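# A structural walkthrough
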Amino acid sequence: MREDYRTDDANSSDGPGRGHARRKFLKLTVAGAGLGALAGPAVLSTAGRASAVTAPLTSFTHPGILHNSSDLARIKSRVGAGTAPWYAGYQQLAASGYSSSSYSMAGPYATVSRGSSGYGGNDALWSDANAAYQNALMWVITGDTAHATKALQIIKGWSTTLTLINGSEAELAGGIYGAKLAAAAEIMHYTAPSGSWTSSQIARTVAMFEDVFVPVIEGYDDSGWGLMCLRGMFQIGVFCDNLTVFNAAYNAFYTNNCCSLGRMINSTGQCTESGRDQQHTQLILGALAEVCETAWIQGLDLYGAADKRLLSGFEYKASYSLGNNVDFTPWGGCKVTYNTISSENRGEFRPIYEMGHNHYVKRLGGWAGYTSQAAARLRPEGAAFQCDHPGFGTLLYTR
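A brief look at the structure comes next. (Residues numbered from 1 in each chain as written. Predicted model: local features only at pLDDT ≥ 70, side-chain atom pairs only at ≥ 80, totals over all residues. Heavy atoms only, no water.)

Secondary structure summary: the protein chain contains 14 helices and six strands in total. For the protein chain, the proportion of its 399 residues judged to be buried stands at 60%. Split by element, the accessible area of the protein chain, about 13,500 Å² in all, is 49% carbon and sulfur. (Helix = DSSP H or I, 4+ residues; strand = E, 2+ residues; numbered from the N terminus. Buried < 20%, exposed > 50% of the residue type's maximum accessible area, 1.4 Å probe, protein only. Areas by Shrake-Rupley, 256 points an atom, 1.4 Å probe, with all protein chains shown as cover.)

Next comes the structure, spelled out in structure tokens:
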């Protein structure tokens, strides 16, 4: 299925940022702070307008998207030793066609369309982004340069070709696929074999992200739609070493009217799309976890924001999908409110739970009962749906 956050009255193809192949650089930044925002890094406000939260970052840790150097070394070491459960997780990764050094590129395309302009190049971009990321991981784990070559072939191919992302769903393509491609590029930037990726080629990749992806996603949007943009901004900002991009996304996490943490998850853990279906709810939780993991690597504790609001979201969702009853109040995004919880996809679990379980339980030594049960049910986690999450959390996040 295609991910789609639009309501019928929002399916216009001329929304903010669509079709721009130029550097717009954060025209909106944090001016739209407000409803559901954080008044500061610790306290949620449920109404009113809030001033921007100034991010403390003045420099980046690299590699720093989803995995740092210690993470990559741990994964490689555990797999090399055949240690459970990492090795079982690695077998899931290695079995995926996107992890093969013989993967045949589906792109690149100069224009990627999603939505009103059709879907030309759309599947190619998310497929190739998956393959770049998974081959980058395989390169780190195995040391086989064929995987490094494949990951770089994909990244170089798209960075020399892509000039436009358009269509009424352009933000989803830019945010979801951009985040995955940036994660791949970040790994390769700091691990690639010597001489395999020149400074001019890296600069061209930075330019692709800043000139093609950022103008599409910097305006955010409502609910999960806007969150996909926020996730893309976080991860692109790190790869590009662009504090303006990253810090704008950081501010949006706390203050954006329609896609801040407080707008996505209320104080009970109920998600803005719990009334829509449980797959999109998990898409939101997984994306928030990615943002929090990347921020953690950069020294920012977004996992702990608003008294561990993300954990409340994981627990609420996992409890409901494990068959328990949960309280529900009318809740939704800026454009739609749901009056009852949805049972659609209730018992289906996406591979997002290891990241939350391992942070709150293993890293912090806390409790995440329902989240831990969901993680155990999926272990070892396999691939995500399309390009929606990193997947393979047992391999990547077990501590």
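Relative to each other, helix 7 (residues 223–239) and helix 10 (residues 278–297) sit at 25 degrees, their axes nearing to 10 Å. Regarding the angle of helix 7 to helix 10, the classification is roughly parallel. Our pair here, helix 7 against helix 10, has a crossing hand that is left-handed. On helix 10, the residues that touch Gly224, Leu227, Met228, Leu230, Arg231, Phe234, Gln235 and Val238 of helix 7 are Leu283, Ile284, Ala287, Leu288, Glu290, Val291, Thr294 and Ala295. Along the lines of polarity and charge, the residues of the contact of helix 7 with helix 10 split into 11 nonpolar, three polar and two charged. (Axes fitted to C-alpha atoms, helices over the stretch in contact; angles between N-to-C directions. Parallel < 35°, antiparallel > 145°, perpendicular 65-115°, else oblique. Left-handed = near helix turned anticlockwise from the far one by under 90°. Contact = heavy atoms within 4.5 Å. Nonpolar A, V, L, I, M, F, W, Y, C, P; charged D, E, K, R; others polar.)

We now examine the pattern of salt bridges. For the structure shown, the criterion picks out 11 salt bridges. Of the charged contacts in the structure, one is a salt bridge between Glu169 and Arg114, with a shortest N-O distance of 2.9 Å. Within this pair, whereas Glu169 is found in the loop between strand 4 (164–166) and helix 5 (170–191), its partner Arg114 is found in the loop between strand 3 (111–113) and helix 3 (122–142), the two being separated by 55 residues in sequence. Here Glu169 matches Arg114 in class, with each residue buried. (Salt bridge = Lys/Arg side-chain N within 4 Å of Asp/Glu carboxyl O.)

Looking now at the packing of aromatic side chains. For the structure on display, the rule yields 15 aromatic pairs. Centroid distance Trp197 to Phe239: 6.4 Å. Interplanar angle 15 degrees. Geometry classified as stacked. Here Phe239 lies in helix 7 and Trp197 lies in the loop between helix 5 and helix 6 (199–217), a separation of 42 residues in the sequence. The same class applies to Trp197 and to Phe239, which are both buried. Ring plane angle 65 degrees and centroid distance 5.9 Å describe the contact between Phe349 and Tyr353, whose orientation is recorded as edge-to-face. The same class applies to Phe349 and to Tyr353, which are both buried. Grouping aromatic residues by their ring pairs yields a cluster made of Trp197, Phe209, Phe213 and Phe239. (Phe/Tyr/Trp six-rings, centres within 6.5 Å; stacked < 30°, edge-to-face > 60°.)

The next subject is helix 6. Taking 1.5 Å per residue as the helical rise, helix 6 with its 19 residues ought to reach 27 Å, and the 26 Å between its terminal C-alpha atoms agrees with that figure. Every buried residue belonging to helix 6 is among Ile202, Thr205, Val206, Met208, Phe209, Glu210, Val212, Phe213, Val214, Pro215, Val216 and Ile217, and all of these are buried. On its buried face, helix 6 sits against helix 3, helix 4 (145–159), strand 4, helix 5, helix 7 and helix 8 (243–255). (Expected span 1.5 Å × (residues − 1).)

Counting 111 residues, the largest nonpolar core has Phe209, Phe234, Phe239, Phe253 and Leu310 as its most contacted members. When near neighbours in sequence (up to four residues on either side) are disregarded, Phe209 contacts Gly178, Leu181, Ala182, Ala185, Val214, Ile236, Phe239 and Cys240. (Core = buried A, V, L, I, M, F, W, Y, C linked by side-chain atoms within 4.5 Å.)

Let's shift gears to the state of the cysteines. Under the criterion given, the structure shown has one disulfide. The disulfide that involves Cys258 links it to Cys334, with 2.0 Å between the sulfurs. Its S-S torsion of approximately -105 degrees makes the covalent link between Cys258 and Cys334 left-handed. Of the two residues, Cys258 sits in the loop between helix 8 and helix 9 (261–264) while Cys334 sits in the loop between strand 5 (331–332) and strand 6 (337–338), which places them 76 residues apart along the sequence. Residue Cys229 stays outside any disulfide, its sulfur separated by 7.5 Å from that of Cys259, the closest cysteine. (Disulfide = S-S within 2.5 Å.)

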